[in-house]
Amino acid sequence: MAEREFPNFTLRSGASREGSRYTAWLSSHPADGSFPSYYAVYENRSFRDEASAAAGAEKALGLVMGVEEDGAPVFAEGETGFDDDKPESDA
């Protein structure tokens, strides 16, 4: 699990099991101590093992540009985190 600080929020990355696969997620923890929010990342993909899902979540955390007022992570337009979604010249 990795974490990054943003104004009024701490974002953390992680992975959890869903059936036989794993999903990557980010959690947003308000500085005021209220309940965190959870956001699935790479929802159109699943991972075969927890380590791969955790690595994917950590990569997503690194791609966060900021947070919205409610703590939702902000990514660049069209960013998926997967190099295979990019044209050859951008990868």
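The rules behind the values
Residues numbered from 1 in each chain as written. Predicted model: local features only at pLDDT ≥ 70, side-chain atom pairs only at ≥ 80, totals over all residues. Heavy atoms only, no water. Pairing = 2+ DSSP bridges. Helix = DSSP H or I, 4+ residues; strand = E, 2+ residues; numbered from the N terminus. Core = buried A, V, L, I, M, F, W, Y, C linked by side-chain atoms within 4.5 Å. Buried < 20%, exposed > 50% of the residue type's maximum accessible area, 1.4 Å probe, protein only.

1. Structural notes on the pairing of strand β4 (residues 37–41)
The two faces of the sheet receive side chains in turn, since in a regular strand these alternate between them.
Here's step 1: Bridge count between strand β3 (residues 21–30) and β4: 5 bridges; the pairing is antiparallel. Bridge pairing in β4 links L26 to Y39.
Here's step 2: The antiparallel pairing of β3 with β4 creates a hairpin that spans 6 residues between the two strands, and G33 there sits at a positive phi of about 85 degrees.

2. Looking at the nonpolar core
Here's step 1: Counting residues in hydrophobic clusters, the biggest one holds 15 residues, and the most contacted among them are A24, V41, Y42 and F47.
Here's step 2: Those elements giving two or more residues to this core turn out to be β2 (9–18), β3 and α1 (50–63).
Here's step 3: If you tally residues by element for this core, the top one is α1, at 4 residues.

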